There are 2 protein chains.
Amino acid sequence: MKVVKFGGSSVANAVQISKIINIVTAEASRRIVVVSAPGKRHGEDTKVTDLLIALANAVLAGDDYETALMAVIARYAEIQKDLELPEAVVFTIEADLRGRIENRGPNDLQFMDTMKASGEDNNAKVIAEAFIKKGHPAKYVNPCTAGMLLSDEFGNAEVLPESFEKLAALKNEAEILVFPGFFGCTKAGDVATFPRGGSDITGAILAAAVQAEVYENFTDVDSVYAMDPRIVPNAPAIDLMTYREMRELAYAGFGVFHDEAVIPAVQHEIPICIKNTNRPEAPGTMIVPERKFEQTEVAGISSAAGFCAIYIDKYMMNREVGFGRRLLQILEDEEISFEHTPSGIDNMSVILESKELGEKEKIVVDRIMNELKPNDVSVAHGLALLMVVGEGMHYAVGQAAKATNALADAGVNIEMINQGASEISMMFAVKETDRKKAVHALGGAFFS
Amino acid sequence: MKVVKFGGSSVANAVQISKIINIVTAEASRRIVVVSAPGKRHGEDTKVTDLLIALANAVLAGDDYETALMAVIARYAEIQKDLELPEAVVFTIEADLRGRIENRGPNDLQFMDTMKASGEDNNAKVIAEAFIKKGHPAKYVNPCTAGMLLSDEFGNAEVLPESFEKLAALKNEAEILVFPGFFGCTKAGDVATFPRGGSDITGAILAAAVQAEVYENFTDVDSVYAMDPRIVPNAPAIDLMTYREMRELAYAGFGVFHDEAVIPAVQHEIPICIKNTNRPEAPGTMIVPERKFEQTEVAGISSAAGFCAIYIDKYMMNREVGFGRRLLQILEDEEISFEHTPSGIDNMSVILESKELGEKEKIVVDRIMNELKPNDVSVAHGLALLMVVGEGMHYAVGQAAKATNALADAGVNIEMINQGASEISMMFAVKETDRKKAVHALGGAFFS
């Protein structure tokens, strides 16, 4: 069986919901459908989740909230009308929302989660009705009843391990199951939500729980592309890649979905397929535990700006036991995450996101000066990282030459290079101003 | 003024000593001469220092040591005869050695240092006589009287900071000063030696103390070469390089002298010149704090075998705060030095000398498995590191391309690459079996 997840733009209105009904019913194996709250219908639109947050804030502030409530109801009413569902559907949603507000408890974070979760929850009920209306046996599943148990970190909850066993029972149901994404319940029975984008997490958990043959994640693009289409509009599609390739690519600028969201599916080795709700016939991108690969094949090239490098120079650093560890300890003390630590003999660089360093730059530089007593410390800003990713990369003679040649031919200076043992990626740091030029140059070398 | 240091092969016999007298007296600025103990006169010969160690061990073992003593005396007697010095010189040396043995104290390490130091000490006395004999005003300087104060780590002593001020007075002497290398005295007045090769250290300390215009280090090669002449016999000479280039090159296989030995000269920014006792007219290699450089210029290429890499793979490693620090902590706990830590998104490699890991491999791998819970840990053995070193390296577009192309054309797979910010070197790890091929390939690319 397949678990199929649809994002907000795929369930934003009746037209889109009709598409997903067609998609789901086109294959009998598509048995569990995870849905988001209605998203934007057009560029200027507001997502239902954002309307719900505004409503919740109005309630918390003690303001009149009828207008905010009506804005939410209006979105569902439009869908109900266009899908020709009974008006009672909308009355039920209104009663549900008023109930959530009236039964508000003392914990404002929990209240906010309850309100946000209603977006997915009510949409799932509407969509289940829509399936039935079109003659397909379907039913809404309540995550709390089904066993989606979460930690009580409201707004940032994590799934509890026992959920998987409980949710496994869903594979025995006869109907198409419409499961609202984004939330579950704590052991105390309170609604709690995942971090935003959490419908992807719900889908991944369900796919893992029922041991789905594939987790289909429907978005609004045909596939994942080998380069950012905003930089390279004609970038080739990726048909197949591994989880590791996905991670390396997602790291620097691949925004199709949060790679962290699909961890449950990865851990249970469920293949993930990225597909387009608006063009379901396109094959999409399959993401799998292992793949066969050609040695020369590169899966993709990603890039991201906003990095900086701390550079530390100390004569005889190489002989100082614990130098690197003490440097990383300073960063850990200051709660700064870093990305890479390329090094020479008497110098060491730490590459990190500029926003990680931010206002702590002076503190960090001072601590390094005082505690490590280097000859020199400096911080270089305005760096972009480029990742050339491919499972076969490590085994092929000449991949580094191909990449560095392309950058040299384009006149791009390489600030740093990092490639570890058995790695499936090569990292280059370049100046942010060279980023697009560098992506084009690497794309030309590996994909033309 | 110049401080001039001669190694063991430059003072091994009368012919060599005559050469050094000519070298020193050829320039009036050559005022302080640091000498080693007599080294090998030919390939099969034994260094006087080794004869002295054998003598000291015989004494410590309570064995008859007359033969061992005579072997040492014989070396000086030969020099005395060939230089036509008075026989009394040899009698004095014999008396000195018998005195050191008779006055042996309770500390065997200190006794060993006293005996080893006699090699340099007596040779300095002989060489001072030789200068005088040839009509050049000269005098032997006793390091202990002159203020060469060392820590009391016998066999591995370090200079004490107050030495520099005391030794500065040497610049006021009229005669050529012959100063024995390798040893000094503790505050308690006991002879103590530097680590082996310590005459280089003595010269560097004196050059720093008297603020010499240059520290001339005479060896048996014309210069430092851009590549190991054992691998590339026609490697070009390096005329000028910086301390940083020296460090990077010395790190992997440049064996002309211990780069750590010259730290005092580096810290005081004294230029160092490597010259050949047997061809003093050759310009040698100057090593300076800063140099002008062409952007495309590479100073040298060094290589060393005997490295391994620990490779750690963990899904979502990138988001785990402190992962890198904890890995390095394990190595520090186990007293293992590492060289580089190239990394990907979800993996990290640690490159280190195989002998550092040695028998601790299983312990380290087990600790990583238990404490860091990675998906995979493996150790790759049989790696060689190559360093392409040049001050201008970082600023030039295409240097990485040139290097990686050359390796690709030679069919050498690059296992790892490491190049940090503002660095003057690029590191490549290759299989040990590819090392020579790789050096030739890089040499061809940068020096042909």
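Residues numbered from 1 in each chain as written. Chains lettered and ligands numbered in written order. Predicted model: local features only at pLDDT ≥ 70, side-chain atom pairs only at ≥ 80, totals over all residues. Heavy atoms only, no water.

## A few points about the domain arrangement of chain A
All names here are of chain A.
- Segmentation of chain A into domains returns domain 1 (2-288) and domain 2 (300-447).
- Averaged C-alpha coordinates put domain 1 and domain 2 at centres separated by 37 Å.
- Taken together, the 15 residues of domain 1 in the interface contact 22 residues of domain 2.
- Both faces combined, the contact of domain 1 with domain 2 buries some 1,600 Å², and carbon together with sulfur accounts for 65% of it.
- Taken together, the links from domain 1 to domain 2 amount to one salt bridge.
- In this structure, Arg244 and Glu391 form a salt bridge, with 3.2 Å as the shortest nitrogen-oxygen distance.
- Connecting domain 1 to domain 2 are seven residue pairs in polar contact (both at pLDDT 80 or more).
- At five residues, helix α9 (residues 243-251) tops the list of elements feeding residues into the side of domain 1 that touches domain 2.
- Its residues assigned to classes, the side of domain 1 that touches domain 2 shows nine nonpolar, two polar and four charged. (Domains from an automatic or database assignment. Contact = heavy atoms within 4.5 Å. Buried area = accessible area lost by both parts, 1.4 Å probe. Salt bridge = Lys/Arg side-chain N within 4 Å of Asp/Glu carboxyl O. Polar contact = N/O pair within 3.5 Å; in protein donor to acceptor, adjacent residues only side chain to side chain. Helix = DSSP H or I, 4+ residues; strand = E, 2+ residues; numbered from the N terminus. Nonpolar A, V, L, I, M, F, W, Y, C, P; charged D, E, K, R; others polar.)

## Concerning helix α2 (residues 48-61) of chain B
Residues and elements named next belong to chain B.
- Under the 1.5 Å per step criterion, the end-to-end length of α2 is 20 Å for 14 residues, consistent within 8% with the ideal 20 Å.
- Looking only at α2, the buried set comprises Val48, Thr49, Leu51, Leu52, Leu55, Ala56, Ala58 and Val59.
- Count one or two residues on from α2 and you reach Gly62, which has phi positive near 75°. (Expected span 1.5 Å × (residues − 1). Buried < 20%, exposed > 50% of the residue type's maximum accessible area, 1.4 Å probe, protein only.)

## Some remarks on the interface of chain B and chain A
- Between chain B and chain A, the contact holds 58 residues from the first and 60 residues from the second.
- Counting each side, the surface lost to burial between chain B and chain A is near 5,300 Å², with a carbon and sulfur contribution of 52%.
- On the chain B side of the interface with chain A, the three residues burying the most area are Arg247(B), Tyr315(B) and Ile345(B), jointly 14% of the side's total.
- Applying the counting rule to chain B against chain A returns six salt bridges.
- A salt bridge links Asp346(B) to Arg247(A); its shortest N-O distance comes to 2.5 Å.
- Seen at the junction of chain B and chain A, the total is eleven residue pairs in polar contact (both at pLDDT 80 or more).
- The set of elements that each furnish at least two residues to the side of chain B that touches chain A consists of α9 (243-251), α10 (263-267), β13 (300-313), α11 (323-333), β14 (347-353), α14 (399-409) and β16 (416-419) of chain B.
- A breakdown of the residues in the side of chain B that touches chain A according to their chemical character gives 24 nonpolar, 21 polar and 13 charged.
- As paired elements, strand β16 (residues 416-419) of chain A and β16(B) share three bridges and run antiparallel to each other. Residue pairing in the sheet places Gln419(A) in a bridge with Ile417(B) of β16(B). (Pairing = 2+ DSSP bridges.)

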